[in-house]
Amino acid sequence: MILPQAKVKHLLYRAGFGTGLQIDSWNESALWKKSNDDHLLNVVNKPQLDSDPREMKDKAKEVFEKSRQEIMKVNAAWIMQMSRQPDLRERMTFFWHNHFACRTLVPWFAQDLNNQMRMQALGSFSDLLTTVSKHPAMLQFLNNQQNRKDHPNENFAREVMELFTLGRGHYTEDDIKEAARAFTGWGFNPQGNFQFRPRQHDEGVKTFRGRTGNFQGDDIINMILEDPQTSIFITRKLGAFLVSDDGVSDSLVKEWSDDFYRSGYRIDRLVRNILNSDTFADPKNTGTRIKSPVELLVGILMQTDGKFEDDRSLVFIQRALGQVLFFPPNVSGWPPGKAWIDSSSLTFRLTLPRLLFSGDETDFRVRDEGDVNGLQNENAGRRRLHCNADWSLLANRFTKKRKEETLSVMEDFLLSRPLLPENRKWVAQITEKKTDDKELVKSGFIAMMSLPEYQMC
Amino acid sequence: MEQLTRRGFLKRSMLATAGTALIPQFLKAWEGPVNTGSDNVLVIIQLSGGNDGLNTVVPYRNDIYYKLRPQLGINSEKVLKVSDDLGFNPAWGSMQRLYDEGHLTVINNVGYPNPDRSHFRSMDIWQSASGSDEHITTGWIGRYLDAQCKGCGSHSALEIDDSLGLAMRGSEMKGLALLDPGKLFQATKQPFYKRLSEVDGDEPHIAYLYKTAAETASNAQYIYEKSSVSATATTFPNTELGKKLKTIAELIRSGISTKVYYASLSGFDTHVRQGMQQERLLSQYSEAVSALVSDLKQSGNLGRTLIMTFSEFGRRVTENASGGTDHGTANNLFLMGGSLRKPGFFNGAPDLSRLNEEDLVYQIDFRQIYGTLLNRWLQADDKAILGEQFPLMDFV
């Protein structure tokens, strides 16, 4: 088993986004803050009555431009909020953001869906599922506004079962058709509130997974939740997220999901079981997960208390590395693990600390999605991504009597796994001539953050 | 039921690859060629944003076209007529020449069932070669590498860009992204990077990072060295696409073992004032592609090269009120090269009298084209890569 101190560090990486500068005064109960301590995002306002979100598509370019900027404001606000300190609620909001992957053109929808997930991140999965399924952002994204009695659209019903609850192979194509009929009439009004439209609802008898009745959307959700497979599916996914991208054993999934199911889908209970397990603490699961781009970025900001001069840099980095919050690649979310790493993303990751803290410039060109109303390229040549950190403060914090000690404390703080010996030697060389404490700490931080070890959590 | 089978298949095949243990120290082996007997090359050019196919290949005798496009319809006198009923956009003079020389095949009415009108989703579908109701996290070229290229280098598939798109990502293998060979080589020959590429990870997950760094450095150097001795004298237009295709031309000249090149041109999302904007892009495309074809011809590589151009969707037949067009469905797709079996028009013009909710109806699933390219051009197992046997076509 790993040492108590190493255990705390591992917990911070997996249940938070890494070690924060307050680590010395940190204790585990801070992870379980009550939900009334929530920090809800509040950077955009609810749309006015006269602006029908359903008509966004027909509106002029300026509306899109404004929406895009506002969604990116929500994005930046969330990144900064995640970077304050290790926070399980933010961490779980991030998990649900990927699980219930959704895109919307309406900034308030994006912010509100995110806040709903934050409030229920550790509550009941049944409530969370219902809230998300009835949210205008999701209903719009999965085309349920177009799901009408004589003109069913199966997209919503399919994804709810395939990606949100049961997983592939646990329902039939007929189940999708019948569920879609039950969801007819689920929509939202111009004020952005869920609305059931009886005239668009198919009142007929449906047969869903062997049961027959005049089912409504809520009945379908309840029947899905009654099936322990939903508990297994969520447990397996959360287990992989918290423990290992390679997944956890079927027997553990069974043990945890039985308890999750019996508890009435209490997410906090499931999280506690996973975090308290021996498997979680097993050294072979420590420092072996590849950080996603957002995890990498949040970690850097948390460990340096860094602040960007220009929020556009935040967006640029997310785009360069392939994970922009609120812009998942599709409804199945971002694929984890090795999928983050390719020749160009790795090269960019390894140069990122120098771009942030050494004033280096980049001429990296981010991808264009082709959408004139989407994220636009501002590929005007070279750019700086300058991020301000208080190096004097960090130097005070990390400087020890001997240089080796300083480097060793920094290594322990910055990395989830020890440096390879040859890399430790290299960091020592890089910092050899630094006599000034501030310079030493800064160059040590940049060097360690530039290594593959730093990509792991 | 068929869908379920296919999903099940993909799931199984992914699990199978994921289970392959990481092979340590296989470094140095990756300059070997792809495991196939052919030395054919595929160049993919992606037009991002949804190119308006109807104003690219214009049905200049069709009254419905002019009726639904009173402003945007291209005057039949200006259309570059190539057949009795179809002609090219005036900006496509060079493409007309390729057509006349038998180096161009136009396939009309390409799409997929239940089309999605969102850019990112439809592009996702085209790049992963999925159905519109499934989500596949690997790309079709990436899976080609997985199937065909165990142990060969990531330079087997090159994307001429700074970052790597979904199409090029397999579950084990990935292509390599580079905007130009010099730039990537500069980045990876730094002492910091070089040093890393000589280090091994002490655990499989981190080893993957070290392996990728080492591969990147080695491939970057290999590509740079190859390309630096194969400069072309052909004049390429000084445009974004012109520069990308020049890089591709020089790499093909160099005899490098790259099988697939991928380049994109963006800006086709013409909701507003489409006319000039699309013509500018089509002209950029036409000039760059014709320079590539002449260069390939001159270097004797045209016979073994096939260029394929697609866009994520076409546009609505009816113009909108802003002098533009909105997102549509089926579209035309272009093939260029020296080995086309059916130059000219592969099939008939879109039927404007038979629209589905005002949109063109697809006739050919794009995965039939991918399947044909994989099977007949790259000699790969199209069924395994696409997860389903799509009927093959006889364009190559």
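Residues numbered from 1 in each chain as written. Chains lettered and ligands numbered in written order. Predicted model: local features only at pLDDT ≥ 70, side-chain atom pairs only at ≥ 80, totals over all residues. Heavy atoms only, no water.

With respect to the sheet that holds strand β4 (residues 87-88) of chain B
Residue and element names in this part refer to chain B.
Okay, so step 1: Reading across from one edge, β2-β4-β3 is the order of the 3 strands in this open sheet, with antiparallel pairing throughout. Edge positions in the open sheet fall to β2 (57-58) and β3 (80-81), since each of these has one partner strand only.
Okay, so step 2: The pairing of β3 with β4 spans 2 bridges and is classified as antiparallel. Residue pairing across strands places L80 opposite F88, the latter belonging to β4. (Pairing = 2+ DSSP bridges. Helix = DSSP H or I, 4+ residues; strand = E, 2+ residues; numbered from the N terminus.)

Observations regarding the domain arrangement of chain A
All names here are of chain A.
Okay, so step 1: When its domains are assigned, chain A resolves into domain 1 (4-226), domain 2 (298-388) and domain 3 (391-455).
Okay, so step 2: Between domain 1 and domain 2, the C-alpha centre-to-centre distance is 25 Å.
Okay, so step 3: Taken together, the contact between domain 1 and domain 2 spans 36 residues of the former and 31 residues of the latter.
Okay, so step 4: Contact with domain 2 buries surface across domain 1, with R68, M72 and R103 losing the most and accounting together for 21% of the total.
Okay, so step 5: The tally of links between domain 1 and domain 2 comes to 0 salt bridges.
Okay, so step 6: On inspection of domain 1 and its partner domain 2, the count reaches 8 residue pairs in polar contact (both at pLDDT 80 or more).
Okay, so step 7: Of all the secondary structure elements, the ones that give two or more residues to the side of domain 1 that touches domain 2 are α2 (61-82), α3 (88-99), α4 (107-120) and α7 (155-165).
Okay, so step 8: It is α2 that contributes the most residues to the side of domain 1 that touches domain 2, 12 residues altogether.
Okay, so step 9: Broken down by class, the residue content of the side of domain 1 that touches domain 2 amounts to 21 nonpolar, 10 polar and 5 charged. (Domains from an automatic or database assignment. Contact = heavy atoms within 4.5 Å. Buried area = accessible area lost by both parts, 1.4 Å probe. Salt bridge = Lys/Arg side-chain N within 4 Å of Asp/Glu carboxyl O. Polar contact = N/O pair within 3.5 Å; in protein donor to acceptor, adjacent residues only side chain to side chain. Nonpolar A, V, L, I, M, F, W, Y, C, P; charged D, E, K, R; others polar.)

Digging into empty space enclosed by the protein
Okay, so step 1: As enumerated under the stated definition, the model contains 4 cavities of 30 Å³ or more in all.
Okay, so step 2: As a volume, the largest cavity reaches approximately 130 Å³.
Okay, so step 3: Residue lining of the largest cavity: 14 residues in total, with S154, K174, Y208, T212 and E215 of chain B positioned closest to the centre.
Okay, so step 4: Of all the elements, helix α8 (residues 204-228) of chain B adds the most residues to the lining of the largest cavity, at 5 residues.
Okay, so step 5: Looking at the lining of the largest cavity residue by residue, the class counts come to 4 nonpolar, 5 polar and 5 charged.
Okay, so step 6: Of the pockets and cavities examined, the second largest cavity occupies roughly 90 Å³.
Okay, so step 7: Lining the second largest cavity we find H97, F100, A101, C102, R103, T104, A110, L113, N114, M117 and F326 of chain A.
Okay, so step 8: For the lining of the second largest cavity, the element with the highest residue contribution is α4 of chain A, accounting for 4 residues.
Okay, so step 9: When grouped by side-chain class, the residues that make up the lining of the second largest cavity number 7 nonpolar, 3 polar and 1 charged. (1 Å grid on protein atoms, 1.4 Å probe; cavity = no way out; pocket = protein on both sides within 12 Å on 5 of 7 lines; lining within 4 Å. Points joined across faces, edges and corners; volume = space filled by probe spheres on them.)

Some remarks on the packing of aromatic side chains
Residues and elements named next belong to chain A.
Okay, so step 1: For the structure shown, the criterion picks out 40 aromatic pairs over all chains.
Okay, so step 2: Each ring, one from F17 and one from F94, has its centre 5.4 Å from the other, and the planes form 70 degrees; the classification is edge-to-face. Separated by 77 residues along the polypeptide, F17 in the loop between α1 (4-15) and α2 and F94 in helix α3 bring together distant segments of the chain. Summarising the burial analysis for this pair, F17 and F94 share the class buried.
Okay, so step 3: Summarising the aromatic geometry, the rings of F95 and W96 are spaced 4.9 Å apart at their centres and angled 70 degrees between planes, so their arrangement reads as edge-to-face.
Okay, so step 4: Overall, F95 belongs to the buried group, its relative accessible area being 3%.
Okay, so step 5: Of the residues examined, W96 reaches a relative accessible area of 1% and is grouped as buried. (Phe/Tyr/Trp six-rings, centres within 6.5 Å; stacked < 30°, edge-to-face > 60°. Buried < 20%, exposed > 50% of the residue type's maximum accessible area, 1.4 Å probe, protein only.)

Examining the packing of α7 of chain A against helix α8 (residues 173-183) of chain A
Residue and element names in this part refer to chain A.
Okay, so step 1: Running from N to C, α7 and α8 cross one another at 120 degrees; their axes reach a closest spacing of 8 Å. By the angle between their axes, α7 is oblique relative to α8. Crossing of α7 against α8: the hand is right-handed. The residues of α8 that touch α7, namely those facing F156, A157, R158 and M161, are E173, D175, I176, A179, A180 and F183.
Okay, so step 2: Split into classes, the residues belonging to the contact of α7 with α8 amount to 7 nonpolar, no polar and 3 charged. (Axes fitted to C-alpha atoms, helices over the stretch in contact; angles between N-to-C directions. Parallel < 35°, antiparallel > 145°, perpendicular 65-115°, else oblique. Left-handed = near helix turned anticlockwise from the far one by under 90°.)

Overview of α3 of chain A
All names here are of chain A.
Okay, so step 1: Given a rise of 1.5 Å per residue, 12 residues ought to cover 16 Å, and the 16 Å separating the end C-alpha atoms of α3 matches this to within 8%.
Okay, so step 2: Across the 12 residues that make up α3, a large majority, 12, are buried.
Okay, so step 3: Within α3, burial applies to L88, R89, E90, R91, M92, T93, F94, F95, W96, H97, N98 and H99.
Okay, so step 4: With a side-chain oxygen positioned 2.9 Å from the backbone nitrogen of R89, the residue opening α3 is D87. (Expected span 1.5 Å × (residues − 1).)

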